[in-house]
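A look at the structure
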Amino acid sequence: MTAEYIGGLRSTGKHIKSGNTIVTDAPVDNNGKGEAYSPTDLVSAALCNCMITIMGIVAEREQIQLVGITATIEKFMTAEPPRKIAKIKIDFTHPAPQLLTAKQAEVLKRAAHTCPVALSLHPEIVQEVTFNF
């Protein structure tokens, strides 16, 4: 990966192997325009997408229907300095929960909490995760 500061509190990032790029912007409440993901937004999105990926690995192995799962992500910053993520709230919704057995749902939930991002975040960051299935 590479990164470059392009001015105006914005940076770009490039994934070398794929060529995919991202732009980050400082949030409005921290002198930015809020016109793109902030770096802390990316941390929150990384947690959610990592959980989905690990659930996907387990779902494929166990032949569990997971395609179409969606999530909403909310990030909460600390009120007091230093500025940092206080909590990440993720709500997963399975498109057809009736297709899951109780055991399959539990397997997916356990898998989500073992994702590398979840295990790498500082323990002070609250990870509030809801599974609607």
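It should be noted that the structure appears before, not after, this text.
Residues numbered from 1 in each chain as written. Predicted model: local features only at pLDDT ≥ 70, side-chain atom pairs only at ≥ 80, totals over all residues. Heavy atoms only, no water.

1. What about the state of the cysteines?
- Under the criterion given, the structure shown has zero disulfides.
- No disulfide involves Cys50; its sulfur sits 3.1 Å from that of Cys115, the nearest cysteine.
- The exposure class of Cys50 is buried, given its relative accessible area of 12%. (Disulfide = S-S within 2.5 Å. Buried < 20%, exposed > 50% of the residue type's maximum accessible area, 1.4 Å probe, protein only.)

2. Regarding the nonpolar core
- In terms of nonpolar packing, the biggest core is built from 28 residues, with Leu47, Met51, Met55, Phe92, Leu108 and Phe133 touching the most fellow members.
- When residues of this core are traced back to their parent elements, those giving at least two are α1 (39-62), β5 (85-93), α2 (102-112) and β6 (126-132).
- In terms of residues, this core owes the most to one element, α1, which gives eight residues.
- Not counting residues up to four positions away in its chain, the partners in contact with Met51 are Ile90, Phe92, Ala112, His113, Cys115, Ala118, Gln127 and Val129. (Core = buried A, V, L, I, M, F, W, Y, C linked by side-chain atoms within 4.5 Å. Helix = DSSP H or I, 4+ residues; strand = E, 2+ residues; numbered from the N terminus. Contact = heavy atoms within 4.5 Å.)

3. Overview of the environment of Thr72
- Relative to the elements of secondary structure, Thr72 occurs in strand β4 (residues 70-77).
- Counting along the chain gives 17 residues from Thr72 to Lys89, while the straight-line C-alpha distance between them is 8.1 Å.
- Apart from residues no more than four positions distant in its own chain, Thr72 is found in contact with Lys89, Ile90 and Asp91.

So far we have only geometry, and geometry alone does not tell us how the molecule works.
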